[in-house]
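The lines below spell out each chain.
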Amino acid sequence: MPDKILICQNCHNPFVYSDYEQNLDAKSGRPEPLYDPICASIKASEAKHPPKPKRA
Ligand SMILES: [Zn+2]
(Lines give C-alpha, C1' and ligand atoms only; values in the text may rest on other atoms or scores of the structure.)
Protein backbone atom coordinates (compact mmCIF):
# COMPACT_ATOMS: atom_id res chain seq x y z
CA MET A 1 0.00 0.00 0.00
CA PRO A 2 1.30 3.49 -0.75
CA ASP A 3 1.61 6.03 2.03
CA LYS A 4 -1.50 8.18 2.42
CA ILE A 5 -1.75 11.82 3.40
CA LEU A 6 -4.53 12.40 5.93
CA ILE A 7 -5.79 15.65 7.41
CA CYS A 8 -5.80 15.94 11.18
CA GLN A 9 -9.32 16.61 12.46
CA ASN A 10 -7.91 18.68 15.33
CA CYS A 11 -5.34 21.02 13.79
CA HIS A 12 -6.13 20.41 10.09
CA ASN A 13 -2.51 19.79 9.24
CA PRO A 14 -1.72 17.02 6.77
CA PHE A 15 0.20 14.04 8.08
CA VAL A 16 1.53 10.82 6.63
CA TYR A 17 -0.35 7.60 7.28
CA SER A 18 2.41 5.24 6.32
CA ASP A 19 2.21 1.87 4.65
CA TYR A 20 3.47 0.33 7.90
CA GLU A 21 0.75 2.01 10.00
CA GLN A 22 -1.94 1.07 7.49
CA ASN A 23 -0.89 -2.57 7.75
CA LEU A 24 -0.85 -2.47 11.56
CA ASP A 25 -4.30 -0.90 11.73
CA ALA A 26 -5.70 -3.29 9.11
CA LYS A 27 -4.48 -6.26 11.17
CA SER A 28 -5.99 -4.80 14.35
CA GLY A 29 -9.23 -3.80 12.60
CA ARG A 30 -8.71 -0.16 13.51
CA PRO A 31 -10.01 2.65 11.31
CA GLU A 32 -7.79 5.30 9.77
CA PRO A 33 -6.51 7.77 12.37
CA LEU A 34 -8.41 11.04 12.72
CA TYR A 35 -5.50 12.92 14.26
CA ASP A 36 -1.81 13.30 13.58
CA PRO A 37 0.54 11.68 16.10
CA ILE A 38 0.94 14.90 18.11
CA CYS A 39 -2.78 15.56 18.46
CA ALA A 40 -3.45 11.86 19.03
CA SER A 41 -1.09 11.87 22.02
CA ILE A 42 -2.69 15.05 23.35
CA LYS A 43 -6.14 13.48 22.98
CA ALA A 44 -4.92 10.30 24.68
CA SER A 45 -3.53 12.21 27.64
CA GLU A 46 -6.73 14.25 27.91
CA ALA A 47 -8.71 11.02 28.01
CA LYS A 48 -6.57 9.75 30.88
CA HIS A 49 -6.44 13.08 32.66
CA PRO A 50 -9.54 15.07 31.73
CA PRO A 51 -9.15 18.82 32.19
CA LYS A 52 -10.74 20.02 35.39
CA PRO A 53 -13.92 22.02 34.98
CA LYS A 54 -13.39 25.75 35.27
CA ARG A 55 -14.53 27.34 38.48
CA ALA A 56 -17.01 30.16 38.16
ZN1 LIG B 1 -3.23 17.67 14.60
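Provided above is the structure to which this section pertains.
The shown structure was predicted, so the numbers you read here are calculated from the model rather than taken from an experiment.

Peer 1: Which parts of the structure should I look at to understand helix H2 (residues 37-48)?
Peer 2: An α-helical segment advances 3.6 residues per turn. Residues three or four places apart therefore align on the same side. When the terminal C-alpha atoms of H2 are compared, their 17 Å separation across 12 residues agrees well with the 16 Å that a helix rising 1.5 Å per residue should span. Of all 12 residues in H2, zero are buried, a share of ten percent or less.

Peer 1: I tried to follow the environment of proline 50 on my own but got confused; where do I start?
Peer 2: Secondary-structure assignment places proline 50 in the segment after H2. Proline 50 gets classed as exposed once you count the C-beta atoms within 10 Å, which come to 8. For the pair proline 50 and cysteine 11, spaced 39 residues apart in sequence, the C-alpha to C-alpha distance is 19 Å.

Peer 1: Explanation requested: helix H1 (residues 19-28) in the structure shown.
Peer 2: Taking burial as the measure, the 10 residues of H1 include zero buried ones, a minor fraction of the element. Two residues or fewer after H1 comes glycine 29, characterised by a positive phi angle close to 70°.

Peer 1: It is not clear to me how the pairing of strand E1 (residues 4-7) should be interpreted in this structure. Could you clarify?
Peer 2: Within a regular strand, the side chains alternate between the two sheet faces. Pairing geometry for E1 and strand E2 (residues 14-17), over four bridges, is antiparallel. Looking at the pairing, leucine 6 lines up with phenylalanine 15 of E2. Connecting E1 to the antiparallel partner E2 that follows it, the hairpin turn spans six residues, and histidine 12 within it adopts a positive phi of roughly 65°.

Peer 1: When you look at the environment of glutamine 9 in this model, what are you seeing that I'm missing?
Peer 2: Note on placement: glutamine 9 falls in the loop between E1 and E2. When the C-alpha positions of glutamine 9 and aspartate 36 are compared, they lie 8.3 Å apart, and in sequence the two are 27 residues distant. If we ignore the near neighbours within four places in the chain, the residues touching glutamine 9 are Leu34 and Tyr35.

Rules and cut-offs
- Residues numbered from 1 in each chain as written.
- Predicted model: local features only at pLDDT ≥ 70, side-chain atom pairs only at ≥ 80, totals over all residues.
- Helix = DSSP H or I, 4+ residues; strand = E, 2+ residues; numbered from the N terminus.
- Expected span 1.5 Å × (residues − 1).
- Buried ≥ 20, exposed ≤ 12 C-beta atoms within 10 Å, placed from the backbone.
- Pairing = 2+ DSSP bridges.
- Contact = placed C-beta atoms within 7 Å.

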